[in-house]
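Tertiary structure, described
Residues per chain are reported as follows:
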Amino acid sequence: VQLQASGGGLVQAGGSLRLSCTTSRLSFRNNHMGWFRQAPGKEREIVAAIEWSGSITYYTDSVKGRFSISRDNAKSTVYLQMNSLKPEDTAVYYCAASGSGISWLPLDEDHYAYWGQGTQVTVSS
């Protein structure tokens, strides 16, 4: 199973980026998906998550109102639209898939079985 994240880059504060994560050899529609990030010297944290059908989403407090997670099951792709970016959003962003068989939307990394390679997001002030 491979998850491929893309869309990271360098942006000025207040700008926007859209991250994408696509997968192969995974029954995408059976998986909850999450975006995590890890800043230098900090632990990895969840940013947003979306339930398999897209009807339930979660956002960590620091990104509410600025980030939006969505998914296209037909394209086996999950997105993270990031607006009004701040320097503190600078991190490596990872997408993750829960694996099938989990009925609730997990919010901790221990319940995500598959991980992408990460994409760097840098926000300059």
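As shown above, the structure is provided for reference.
Residues numbered from 1 in each chain as written. Predicted model: local features only at pLDDT ≥ 70, side-chain atom pairs only at ≥ 80, totals over all residues. Heavy atoms only, no water.

**Here's the deal with the packing of aromatic side chains**
One pass over the full model with this rule turns up three aromatic pairs. Ring geometry for phenylalanine 36 and tyrosine 112: centres 5.3 Å apart, planes at 80°, overall edge-to-face. Here the residue phenylalanine 36 occupies a position in strand β4 (residues 33–38), and tyrosine 112 occupies one in the loop between β9 (91–97) and β10 (114–115), the gap between them amounting to 76 residues. Overall, the relative accessible area of 1% leaves phenylalanine 36 in the buried class. A residue is classified by how much of its surface remains accessible, and tyrosine 112, at 4% relative accessible area, is buried. Ring geometry for tyrosine 112 against tryptophan 115: centres 6.4 Å apart, planes inclined by 65°, an arrangement best described as edge-to-face. For tryptophan 115, a relative accessible area of 26% puts it in the partly exposed group. An aromatic cluster of at least three residues, connected via ring pairs, comprises Phe36, Tyr112 and Trp115. Stacked on the ring of tryptophan 115, the Lys or Arg arginine 44 has its end atom at 3.9 Å from the ring centre. (Phe/Tyr/Trp six-rings, centres within 6.5 Å; stacked < 30°, edge-to-face > 60°. Helix = DSSP H or I, 4+ residues; strand = E, 2+ residues; numbered from the N terminus. Buried < 20%, exposed > 50% of the residue type's maximum accessible area, 1.4 Å probe, protein only. Lys NZ or Arg CZ within 6 Å of the ring centre and 35° of its normal.)

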